[in-house]
Amino acid sequence: MTLTDVSILAGTLLVIAAPAEHSLVRWLRTKTKNGNLQLLLTWADQAVVLLEKSDLGGAQKKQQAVDYVATRLAANKLTGKFSPEQLSAVIEQAVAQLNKEVK
């Protein structure tokens, strides 16, 4: 096999494999994002449960929960993956879920 034959074979394999590689990369990216979101939701639930019986007021309690989640994100090198608005929203969702379970 000559160098030209090897080059043609390699190019052909790359063209054939490109769609599969693209699909794999997209799948991995989606799986990672879903995993990060699941972690965020778990940490929000933990924060709400931990702060449920604290003496803090509503706004202070929420800020403590946001800070707790932000600390967990930073510890897991996920800082910047979620906005402050998203953190606030997941805390509110966790509070609503906890209140729903208590009733």
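Since we're looking at a predicted model, the values are computed, not measured.

Draft legend 1. Structural context of the nonpolar core. Among the nonpolar cores identified, the biggest contains 17 residues, and Leu40, Ala44, Val69, Leu73, Leu87 and Ile91 are the most heavily contacted of them. Only α1 (3-51), α2 (58-75) and α3 (84-102) provide two or more residues apiece to this core. Considering every element that reaches this core, the biggest residue donor is α1, with 6 residues.

Draft legend 2. Representation of the side chain of Asn36 within the structure. Secondary-structure assignment places Asn36 in helix α1. The exposure class of Asn36 is buried, given its relative accessible area of 15%. Those residues in contact with Asn36 that lie beyond four places of it in its chain are Leu78 and Phe82.

Draft legend 3. Spatial organisation of α2. For α2, spanning 18 residues, the distance from its first C-alpha to its last is 26 Å, which sits close to the expected 26 Å at 1.5 Å a residue. Burial in α2 covers these residues: Ala65, Val66, Val69 and Leu73. Buried positions in α2, seen along its axis, are confined to an arc of 100° and lie on one side of it. Summarising the geometry of α2, the exposed residues directed more than 90 degrees from the buried face are Thr71 and Ala75.

Draft legend 4. Up close: the pattern of salt bridges. All told, the structure shown has 1 salt bridge when counted by the stated rule. Across the pair Lys62 and Glu92 runs a salt bridge, and its minimum N-O distance is 2.3 Å. Residue Lys62 is found in helix α2, and its partner Glu92 is found in helix α3; the two are separated by 30 residues along the sequence. Looking at Lys62, the relative accessible area reads 27%, which means it is partly exposed. Residue Glu92 is classed as partly exposed on the basis of its relative accessible area, which comes to 45%.

Draft legend 5. Spatial organisation of the environment of Ala47. Examined against the element boundaries, Ala47 turns out to sit in helix α1. You can call Ala47 buried: its relative accessible area is 1%. Expressed as a C-alpha distance, the spacing of Ala47 and Ala65, which sit 18 residues apart in the sequence, is 5.1 Å. Once you skip the residues sitting within four places of it in the chain, Ala47 turns out to touch Ala65, Tyr68, Val69 and Ile91.

Rules used in this analysis
Residues numbered from 1 in each chain as written. Predicted model: local features only at pLDDT ≥ 70, side-chain atom pairs only at ≥ 80, totals over all residues. Heavy atoms only, no water. Core = buried A, V, L, I, M, F, W, Y, C linked by side-chain atoms within 4.5 Å. Buried < 20%, exposed > 50% of the residue type's maximum accessible area, 1.4 Å probe, protein only. Helix = DSSP H or I, 4+ residues; strand = E, 2+ residues; numbered from the N terminus. Contact = heavy atoms within 4.5 Å. Expected span 1.5 Å × (residues − 1). Arc of directions from axis to C-beta. Salt bridge = Lys/Arg side-chain N within 4 Å of Asp/Glu carboxyl O.

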